[in-house]
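Geometric and topological summary
So the chains spell out like this:
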Amino acid sequence: AQAAPVITIDGPTASGKGTIAQRVAQALGWHVLDSGALYRLTALAVLRDGGDGTDEAQAARLARRLDVRFQPDAILMGGEDVGALIRQEEVGNLASRVAAWPAVREALLARQRDFRRTPGLVADGRDMGTVVFPDAPLKIFLDADVGVRAQRRYKQLKDKGFSANLDDLLQDLRARDARDRGRAHAPLVAAADAVTVDSSHQGIDDVVRQVLDLWSAHGPA
Ligand code: CDP
Ligand code: CDP
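What counts as what
- Residues numbered from 1 in each chain as written.
- Chains lettered and ligands numbered in written order.
- Predicted model: local features only at pLDDT ≥ 70, side-chain atom pairs only at ≥ 80, totals over all residues.
- Heavy atoms only, no water.
- UniProt positions renumbered as here; feature names shortened; annotations may be inferred.
- Helix = DSSP H or I, 4+ residues; strand = E, 2+ residues; numbered from the N terminus.
- Buried < 20%, exposed > 50% of the residue type's maximum accessible area, 1.4 Å probe, protein only.
- Contact = heavy atoms within 4.5 Å.
- Pairing = 2+ DSSP bridges.
- Axes fitted to C-alpha atoms, helices over the stretch in contact; angles between N-to-C directions.
- Near = heavy atom within 4 Å.
- Polar contact = N/O pair within 3.5 Å; in protein donor to acceptor, adjacent residues only side chain to side chain.
- Areas by Shrake-Rupley, 256 points an atom, 1.4 Å probe, with all protein chains shown as cover.
- Core = buried A, V, L, I, M, F, W, Y, C linked by side-chain atoms within 4.5 Å.

The name given to the protein in an unreviewed UniProt entry is Cytidylate kinase, and the organism recorded there is Castellaniella daejeonensis. Quoted verbatim from the Subcellular location (unreviewed entry) field of UniProt, the annotation for the protein is "Cytoplasm".

1. Some details on the side chain of Arg149
Tracing the backbone through its elements, the reader meets Arg149 in helix α7 (residues 146–159). By relative accessible area, which is 3% here, Arg149 ends up buried. Setting aside its immediate chain neighbours within four residues, Arg149 contacts Pro12, Thr13, Ala14, Ser15, Asp143, Ala144, Leu173 and Asp177.

2. Considering the environment of Gly18
Mapped onto the elements, Gly18 comes out in helix α1 (residues 17–28). Judged by relative accessible area, which is 32%, Gly18 ranks as partly exposed. Along the sequence, Gly18 and Gly125 sit 107 residues apart, while their C-alpha atoms lie 8.3 Å from each other.

3. Notes on the sheet that holds strand β5 (residues 80–81)
Pairing within the open sheet is antiparallel, and its three strands lie in the order β3-β4-β5. Bordering the open sheet on either side are β3 (68–71) and β5, each of which pairs with just one other strand. Pairing of β3 with strand β4 (residues 74–77), which is carried by four bridges, proceeds in the antiparallel orientation. The partner of Gln71 across the bridge, within β4, is Ala74. Contacting β3, β4 and β5, helix α2 (residues 35–48) crosses the sheet at an angle of about 40° to β4.

4. Looking at the site of ligand 1
For ligand 1, the set of nearby residues contains 13 residues, the closest of which are Lys17, Gly18, Thr19, Arg153 and Gln202. Within the backbone of Ala14, one N or O atom sits 2.9 Å away from an oxygen atom of ligand 1. A distance of 2.8 Å separates an oxygen atom of ligand 1 from a polar backbone atom of Gly18. In isolation ligand 1 has 540 Å² of accessible area, and contact with the protein removes 79% of it. Secondary-structure elements contributing two or more residues to the shell around ligand 1 are α1 and α7.

5. Details of the environment of Arg64
Inspection of the secondary structure puts Arg64 in helix α3 (residues 56–65). Separated by 94 residues in sequence, Arg64 and Lys158 place their C-alpha atoms 33 Å apart. Those residues in contact with Arg64 that lie beyond four places of it in its chain are Ala107 and Arg111.

6. Things to note about the UniProt feature "binding site: ATP" (unreviewed entry) in the protein
The residues that UniProt annotates with the feature "binding site: ATP" (unreviewed entry) are Gly11, Pro12, Thr13, Ala14, Ser15, Gly16, Lys17, Gly18 and Thr19. Along the chain, the position of Ala14 falls in the loop between β1 (6–10) and α1. You can call Ala14 buried: its relative accessible area is 10%. Here Ala14 is in contact with Arg149, Arg152 and Arg153, once residues within four sequence places are set aside. Here Lys17 lies in helix α1. With sequence-adjacent residues up to four places away left out, Lys17 is seen in contact with Ile9, Asp10, Gly11, Pro12, Asp124, Gly125, Arg126 and Leu142.

7. Thoughts on the environment of Leu157
Position of Leu157 among the secondary structure elements: in helix α7. As a C-alpha pair, Leu157 and Gly18 span 139 residues in sequence and 15 Å in three-dimensional space. If sequence neighbours within four positions are ignored, Leu157 has contacts with Arg87, Glu89, Phe162, Ala164 and Leu169.

8. Topic: the nonpolar core
Residues Leu33, Leu41, Ile86, Val104 and Phe133 are the most contacted members of the largest nonpolar core, which totals 37 residues. Considering each element in turn, this core owes the most residues, eight residues, to α2. Not counting chain neighbours up to four residues away, the residues in contact with Phe133 comprise Val6, Thr8, Leu33, Gln112, Arg113, Arg116, Leu121, Ala123, Met128 and Lys139. Core analysis: the next-biggest nonpolar cluster, separate from the first, contains 16 residues, Trp30, Val122, Val197 and Trp215 among them.

Given below as structure tokens:
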């Protein structure tokens, strides 16, 4: 049997990957993989284990053992809903540090590929098109101006009741982008066969329509 189709959406932090992936999956009736959540959960597990992000073996062990269940409105870790908690910048920043370690990436690889089920999967992250699903029939590289992304993340955090400072966020985003792009293993880079979409001046609906049009044009088998 042929593997289920995958649409990959990779890009820098706060470019809109998660939002677009959810909406596209909903429109197609497909499954969704928020791969960043797995790195964020690993970071949270490290924090709770008393780690500070300097021990690769510890992080890999915790990544391998993650007891996680994705539900429509919750992410359960060991039965506790940590969906809101892992959105904090502290967790995101540590996630991008543990994500640089090959042992952690390796520990999460099979788990990510398990999400590929019929009728299809929309997967968002950094290396969905390059490493995890290199044979995906449609790959999107979603980008946006860093200032626009900082504004979006700022509003998102405020709306969720977290405190946030725009200047700090801009610095965090720049540092995280640089780390994600510069690392040796599975760096953030557009796959050679990816379509780049710049959402700096586009609303969510426009980007969703563009991705769906690309999928129709591709002609689902
Ligand atoms: O997953 P990622 O970090 O790439 O981004 P996100 O959490 O999906 O999106 C960040 C924020 O930008 C969300 O609050 C979206 O509603 C917003 N957004 C937007 O305003 N316009 C877009 N074209 C895409 C996302
Ligand atoms: O929402 P945002 O784009 O800020 O981050 P995320 O997608 O939740 O990912 C958090 C961190 O996990 C990123 O900064 C990456 O370092 C890492 N990550 C990764 O290395 N590979 C992925 N496929 C997804 C996330």
